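Results of the structural survey
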There are 2 protein chains.
Amino acid sequence: MSSQIRRTMPLFPMGTVMKLTDLSARQIRYYEQHHLITPDRSDGNRRLYSLNDIDRLLEVKDLLDQGINMAGIKKILLKDESQEIELETKDSGVKLKKEFTDEELRKLLRKELINAGRFNRSPGMDRRFFH
Amino acid sequence: MSSQIRRTMPLFPMGTVMKLTDLSARQIRYYEQHHLITPDRSDGNRRLYSLNDIDRLLEVKDLLDQGINMAGIKKILLKDESQEIELETKDSGVKLKKEFTDEELRKLLRKELINAGRFNRSPGMDRRFFH
DNA sequence: AATCAGTGTGATAAAACATTACATGGTGTT
DNA sequence: AACACCATGTAATGTTTTATCACACTGATT
């Protein structure tokens, strides 16, 4: 049985993952930057994705297609890993972590609600109901 | 379920297959030259192996470890695909196909028998029983 | 208008791979 | 013993793929 392939084994290169997920390299790296996936690396620093990574990317894609933004997706997919938000730091990269404040939470949820049905909706009834 | 990964999908690059099978690139390409596997190619001519390819390579490796040579392995693994042998052609490469002749078959089978138990055998009883 | 989020694109460097040719250690053959 | 062959190693060279970084763009938010 294929030498016991585990769902966490680093197996696939970028190109394969792009085709399997129909995402661009840019997108995939961007989602990694936001810790939605943490692919392994080869000795030569090339990303190697696991089956789990691919599943996760497909989840991300699905949520994006539903109009949910990064913040929401993170909230949904990283709900175990001690909820936190990232802040851009001057030394480049997304790193700082902090608990959600009440205001942030409210803001985020409002955004999610607004965006949730943003697609496939009739052009008449718009977001003027929210603000 | 990982976007319906089929056992025939071209997914893995050489490096991954090397690690999964513990074979060298040279070996893997050599077995391909002998039609034991026929990996797909990327747009840029890079080999892409499927789960089936990996299984096949592991079978090959197993048979080799048992002391069976290429000819025997081909006979075993390609038994459906209309048995044939290859002859080196001057224009390089293994290509010509031809039905086994009786002599060839006898010779091959003799070799297989001799080699089959070549390893893990007591150094006393040797191939002097065959010739 | 200015900002921000998500993604595209281009430049550059390095890693991984393909191909080819030659070398080598066993095994079998003459 | 000398030779031939099989399966594999290795080196040279060229191409493909990926990494990183920087900047641009579009649509939505403020």
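So, here is what we can say about the structure in this document. What you see is a predicted model, and the numbers here were worked out from it, not measured in a lab.

Enumeration over the complete set of coordinates arrives at ten salt bridges over all chains. Its salt-bridge partner being D22 of chain B, residue K61 of chain B comes within 3.8 Å of it at the nearest N-O pair. Of this pair, K61 of chain B sits in helix α3 (residues 51-65) while D22 of chain B sits in the loop between α1 (14-21) and α2 (25-33), and the two are 39 residues apart along the sequence. Judged by relative accessible area, which is 24%, K61 of chain B ranks as partly exposed. Accessibility expressed as a relative area gives 60% for D22 of chain B, which makes it exposed. The salt bridge partner of R56 of chain B is E59 of chain B, with a shortest N-O separation of 3.9 Å. Of this pair, R56 of chain B and E59 of chain B both sit in helix α3, three residues apart, roughly one helical turn. Shared partners join several salt bridges into a network, and the residues in it are E32, R41 and R47 of chain A.

Of all residues adjacent to DNA strand D, which total 21 residues, the nearest are G15, R46 and R47 of chain A together with S24 and M70 of chain B. The contact atoms of DNA strand D, taken as those within 4 Å of the protein, divide so that sugar and phosphate hold 68%. A distance of 3.1 Å separates a phosphate oxygen of DNA strand D from a polar atom in the side chain of Y30 of chain B. Interatomic distance of 2.8 Å between a side-chain N/O atom of S42 of chain B and a phosphate oxygen of DNA strand D. Looking at which element gives the most residues to the surface near DNA strand D, the answer is α2 of chain B, with four residues. Of the residues contributing to the surface near DNA strand D, the split by class is six nonpolar, seven polar and eight charged.

The rules behind these values
Residues numbered from 1 in each chain as written. Chains lettered and ligands numbered in written order. Predicted model: local features only at pLDDT ≥ 70, side-chain atom pairs only at ≥ 80, totals over all residues. Heavy atoms only, no water. Salt bridge = Lys/Arg side-chain N within 4 Å of Asp/Glu carboxyl O. Helix = DSSP H or I, 4+ residues; strand = E, 2+ residues; numbered from the N terminus. Buried < 20%, exposed > 50% of the residue type's maximum accessible area, 1.4 Å probe, protein only. Near = heavy atom within 4 Å. Polar contact = N/O pair within 3.5 Å; in protein donor to acceptor, adjacent residues only side chain to side chain. Nonpolar A, V, L, I, M, F, W, Y, C, P; charged D, E, K, R; others polar.

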